[in-house]
Amino acid sequence: MNDAARLPVARDMDRLAGVEIPNPHVRAWVAECAAMCQPDRIHVLNGSAAERQELLQQAVAEGVLLPLNQQKLPGCYLHRSNPNDVARTEQCTFICTPSERLAGQTNNWMDPKQCYAMLGQLFSGSMRGRTLYVVPFVMGPLGSPLAKVGVEITDSIYVAISMGVMTRMGDCAWKELQGSDEFTRCLHSVGDCNPERRYICHFPLDNVIWSFGSGYGGNALLGKKCLALRLAGWMGYQQGWMAEHMLLMGVTSPDGAKTYVAAAFPSACGKTNFAMLIPPEKYLKAGWKINTLGDDIAWMYVNKHDGRLYAINPEAGYFGVVPGTSYQTNPNAMAIIQRDTIYTNVALLPDGDVWWEGKTETPPAACIDWTGQPWTPNCGRPAAHPNSRFTAPMRNNPVLDPQADDPNGVPISGIIFGGRRTKTIPLVFQAFNWIHGVYLGATLGSETTAAATGQLGVVRRDPMAMLPFCGYNINYYFTHWIRMRKQMKDCPRIFHVNWFRKGDDGKFLWPGFGENMRVLKWIVDRCKGQGYAAETLLGWMPRPEDIDLDGLNLPLGRIEAAQSIDLEEIKTEVLTQTELFMKLAGELPKELIFLRELLISRL
Ligand code: OXD
Ligand code: MN
């Protein structure tokens, strides 16, 4: 590249000459970024079907995507990531605010000026020889009072294509934005994909995200965790609404009434499965139905007309964990990923189909593993990466809720918190009230999974399943939850579930998956002021006879064990909460300290 081509802004403005960007603020920002990153080409996406086909062909030509068997899996492709880039990297994720206090104890902090300067060096010239894609997108149904426009600049065609699945992408964003300057500026470059030079940086006060050195979904599809949780959380804190790591589902009961619930489980703890749950046969026959609104993120606001909490799903697709997904565990997800899906880091079968652990009981005799190496069942390696993913449009979902695109969202009657806990935590109980529910959420614990790099299977506190996603001081976030109650006339009931408790035999006490409908029925009944519950030290709890076990063939002893409260174990649980409380001491809302004291006094 000659020096003239490297000349910054003015020259890049020239280079933008043939490029259609209707919004002048976006145009100026793209010019700035182009001047810094020095791409060879600029391509503004319009979001059309024809454009998608061209991008897919281009990605295949570049070896970024591999076409799968198009008879079996029309529109499906395989992507193999760099093996060093397979999960979110929390240690490389920063909140950049003028004061460290605003980022709080649970975030990595960097001074914004320093961060811009350091990353500016990395971005400088990072797109030489590459195409800079300008990806305009909307988070939320078009026209929603909560919808937010973002523009992602990326040098990854995989990211550009995936953003077209995960968001409402293309010209619709220009319509939504009009002439406004209010859009999230998302700058992304894979750079040389070196973990030593990997930074996912958020500037909440500037509405800016800079991500360098990773192509992984949670680090690179900037509309998702970075915008829809970390930055949106901060916006919601200031403006009086909530951005949460929650699935959204509609539950229709036999009388035709529909109850919407939101549920926060940490990453890779079954939100996608729960959101697409297929009720057991007898429930289907009786008229129960589940519809999905979202499987990962909910934006919630209080509707001024009825004083209730309403929710939208800001996303338009699913970025789901593949291993363990099967026609037994999640038939709806299996239907979704038969077409228009990008599989990342799964195994490739000889006929161009894909495979992963848990897809079928019997593994294939041979396949190509996620790294591109030959694989056989006894080779001692997994065929698919434990955090392999599917990226698929929500319109493929056979049980997509008819209101998934409703700009006003749906009224939420219940909020469920849940973690992956082999011990201690019962199958289900209900908080005494909103503030007790906030305490249950704030002290949520879960065993770590492959969705983030680091040690697996250790219990860590993951408040509201938001530990990695709360983009500002988590104490202020707790206060915000408490404060939201004041806006509501009729607030959702709050519940806690644990599908993962094991018996002394090491086996799960509760069958999970579709059978979770039985627990959900109790939850829905409670939301409607029905269903029996006994007061316990943890909260309102169904007695074993209050959960429908008919047709389940589950010995009474198993459900009793699943619901049992062991005082010694709960004491240990409260003690382990101390670690979090000590870390947050000083600014922790006093309500949470009082609720802990109340629990201790009940003990
Ligand atoms: C996700 C995550 O990808 O939580 O949704 O890591
Ligand atoms: Mn998630």
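As the structure is a prediction and not an experimental result, all values here were calculated from the model.

Turning our attention to the overall build of the protein chain. For the protein chain, the count of helices and strands is 18 helices and 31 strands. Considering only C-alpha atoms, the protein chain reaches an extent of 75 × 55 × 45 Å along its principal axes. Of all 603 residues assigned to the protein chain, the portion counted as buried reaches 61%. Pairs at least 24 apart in sequence give 73% of the contacts found in the protein chain among residues at least 6 apart. Here the protein chain has roughly 22900 Å² of accessible surface; of this, 53% comes from carbon and sulfur atoms. Of the charged side chains in the protein chain, 58 are positive and 59 negative; the average position of the first set lies 2 Å away from that of the second.

Of all nine residues in strand β25 (residues 410-418), nine are buried; the element is thus mostly enclosed. In the sheet, strand β14 (residues 258-264) pairs with β25 via five bridges, with the strands oriented parallel. The residue bridging Ala-264 from the neighbouring strand is Phe-417, located in β25. Where strand β17 (residues 309-312) and β25 come together, two bridges link them in antiparallel fashion. Paired with Ala-311 across the strands is Val-410, a residue of β25.

All right, on to the coordination of the manganese ion (ligand 2) then. In the first shell of the manganese ion (ligand 2), the protein supplies Lys-225 (NZ), His-245 (NE2) and Asp-296 (OD), at 2.1 to 2.2 Å from the metal. Between the donor residues of the manganese ion (ligand 2), the gaps in sequence give the motif K-x19-H-x50-D. On the criterion of sequence distance, the pair formed by His-245 in the loop between β12 (242-244) and β13 (247-252) and Asp-296 in the loop between β15 (289-294) and β16 (298-302) is long-range, its members being 51 residues apart. This pair shows no difference in class: His-245 is buried, exactly as Asp-296 is.

The subject of this paragraph is the nonpolar core. In terms of nonpolar packing, the biggest core is built from 99 residues, with Trp-299, Met-300, Ile-415 and Trp-481 touching the most fellow members. Among the elements that line this core, the one with the most residues is helix α9 (residues 223-239), at nine residues. Summarising the domain contributions, this core has at least three residues from each of domain 1 (3-63 + 89-239) and domain 2 (244-313 + 404-602). The contact partners of Met-300, leaving out residues within four places of it in the chain, are Leu-146, Trp-241, Met-242, Glu-244, Met-246, Ala-262, Leu-309, Tyr-310, Ala-311, Ile-412 and Ile-415. Ala-31, Val-149, Cys-201 and Phe-212 belong to the second-largest nonpolar core, a separate cluster that totals 40 residues.

Take the pattern of salt bridges next. For the structure on display, the rule yields 31 salt bridges. Between Glu-90 and Arg-88 there is a salt bridge; the shortest N-O distance is 2.9 Å. Residue Arg-168 is joined to Asp-405 by a salt bridge in which the shortest nitrogen-to-oxygen separation is 2.8 Å. On the criterion of sequence distance, the pair formed by Arg-168 in strand β8 (residues 168-169) and Asp-405 in the loop between β24 (389-393) and β25 is long-range, its members being 237 residues apart.

Across residues other than glycine, the phi torsion is negative in most instances, and most of the peptide bonds are trans. Positioned with a positive phi, Asp-340 is a non-glycine residue whose angle comes to about 50°. Residue placement: Asp-340 occurs in the loop between α12 (331-336) and β19 (342-344). Even without being glycine, Asn-345 reaches a positive phi, approximately 65°. Looking at where Asn-345 falls in the secondary structure, it is placed in the loop between β19 and β20 (347-348).

With that settled, the discussion passes to the site of ligand 1. Neighbouring ligand 1 are Arg-88, Lys-224, Lys-225, His-245, Ser-267, Asp-296, Phe-319, Arg-389, Ala-451 and Phe-469. Contact between ligand 1 and Ser-267: an oxygen atom at 2.5 Å from a side-chain N or O atom of the residue. A total of 210 Å² of accessible area belongs to ligand 1 in isolation, and the protein chains cover 95% of it. For the shell around ligand 1, the class distribution of residues is three nonpolar, two polar and five charged.

Let us look at the packing of helix α3 (residues 49-61) against helix α6 (residues 157-166). Where α3 contacts α6, the two axes come as close as 10 Å, and the packing angle between them is 150°. Classified by the angle their axes make, α3 and α6 are roughly antiparallel. Our pair here, α3 against α6, has a crossing hand that is left-handed. On α6, the residues that touch Arg-52, Leu-55, Leu-56, Gln-58 and Ala-59 of α3 are Ile-157, Ile-161 and Val-165. Its residues assigned to classes, the contact of α3 with α6 comprises six nonpolar, one polar and one charged.

This part is about the packing of helix α17 (residues 567-584) against helix α18 (residues 590-602). When two helices pack together, their arrangement is given by the angle between their axes and by how far apart the axes lie. Following both chains from N to C, one finds α17 and α18 inclined at 165°, their axes separated by 12 Å at the closest point. In terms of orientation, α17 lies roughly antiparallel with respect to α18. Every pair of crossing elements has a handedness; the one defined by α17 and α18 is left-handed. In contact with Val-574, Leu-575, Gln-577, Thr-578 and Phe-581 of α17, α18 contributes Leu-592, Ile-593, Arg-596, Leu-599 and Ile-600.

Here we take up the state of the cysteines. A complete count under the given rule lists zero disulfides for this structure. Cys-269 carries a free sulfur, and the closest cysteine sulfur to it, the one in Cys-470, is 18 Å from it. A residue is classified by how much of its surface remains accessible, and Cys-269, at 2% relative accessible area, is buried.

All right, on to the packing of aromatic side chains then. A complete count under the given rule lists 28 aromatic pairs for this structure. Judged by centre distance (5.8 Å) and plane angle (50°), the ring pair of Phe-417 and Trp-481 falls under tilted. Of this pair, Phe-417 sits in strand β25 while Trp-481 sits in helix α14 (residues 474-487); the two residues are 64 residues apart in sequence, bridging distant segments of the chain. Across the pair, Trp-481 and Phe-417 agree in class, each one buried. Note that Arg-420 overlies the ring of Phe-500, its terminal NZ or CZ placed 4.3 Å from the centroid.

Turning to the side chain of Arg-526, a few remarks are in order. Its place among the elements puts Arg-526 in helix α15 (residues 516-527). A distance of 2.7 Å separates a polar atom in the side chain of Arg-526 from a polar atom in the side chain of Gln-430.

The domains assigned to the protein chain are domain 1 (3-63 + 89-239), domain 2 (244-313 + 404-602) and domain 3 (318-396). Here the C-alpha centre of domain 2 lies 33 Å away from the C-alpha centre of domain 1. Every contact between the two is made by 34 residues of domain 1 and, on the other side, 33 residues of domain 2. Looking only at domain 1, the three residues that lose the most surface to domain 2 are Thr-106, Leu-229 and Tyr-237, adding up to 24% of its buried area. The interface formed by domain 1 and domain 2 holds five salt bridges in total. Residues Glu-587 and Arg-101 are paired through a salt bridge, measuring 2.6 Å at the closest nitrogen-oxygen approach. Between domain 1 and domain 2 we count 14 residue pairs in polar contact (both at pLDDT 80 or more) in total. Listed by contribution, the elements that provide at least two residues to the side of domain 1 that touches domain 2 are α4 (100-103) and α9.

Definitions and cut-offs
Residues numbered from 1 in each chain as written. Chains lettered and ligands numbered in written order. Predicted model: local features only at pLDDT ≥ 70, side-chain atom pairs only at ≥ 80, totals over all residues. Heavy atoms only, no water. Helix = DSSP H or I, 4+ residues; strand = E, 2+ residues; numbered from the N terminus. Buried < 20%, exposed > 50% of the residue type's maximum accessible area, 1.4 Å probe, protein only. Contact = heavy atoms within 4.5 Å. Areas by Shrake-Rupley, 256 points an atom, 1.4 Å probe, with all protein chains shown as cover. Lys, Arg positive; Asp, Glu negative; His and termini not counted. Charge placed at Lys NZ, Arg CZ, Asp CG, Glu CD. Pairing = 2+ DSSP bridges. Donors = N, O, S within 2.8 Å, 3.2 Å for Na, K, Ca; no water. Core = buried A, V, L, I, M, F, W, Y, C linked by side-chain atoms within 4.5 Å. Domains from an automatic or database assignment. Salt bridge = Lys/Arg side-chain N within 4 Å of Asp/Glu carboxyl O. Near = heavy atom within 4 Å. Polar contact = N/O pair within 3.5 Å; in protein donor to acceptor, adjacent residues only side chain to side chain. Nonpolar A, V, L, I, M, F, W, Y, C, P; charged D, E, K, R; others polar. Axes fitted to C-alpha atoms, helices over the stretch in contact; angles between N-to-C directions. Parallel < 35°, antiparallel > 145°, perpendicular 65-115°, else oblique. Left-handed = near helix turned anticlockwise from the far one by under 90°. Disulfide = S-S within 2.5 Å. Phe/Tyr/Trp six-rings, centres within 6.5 Å; stacked < 30°, edge-to-face > 60°. Lys NZ or Arg CZ within 6 Å of the ring centre and 35° of its normal. Buried area = accessible area lost by both parts, 1.4 Å probe.

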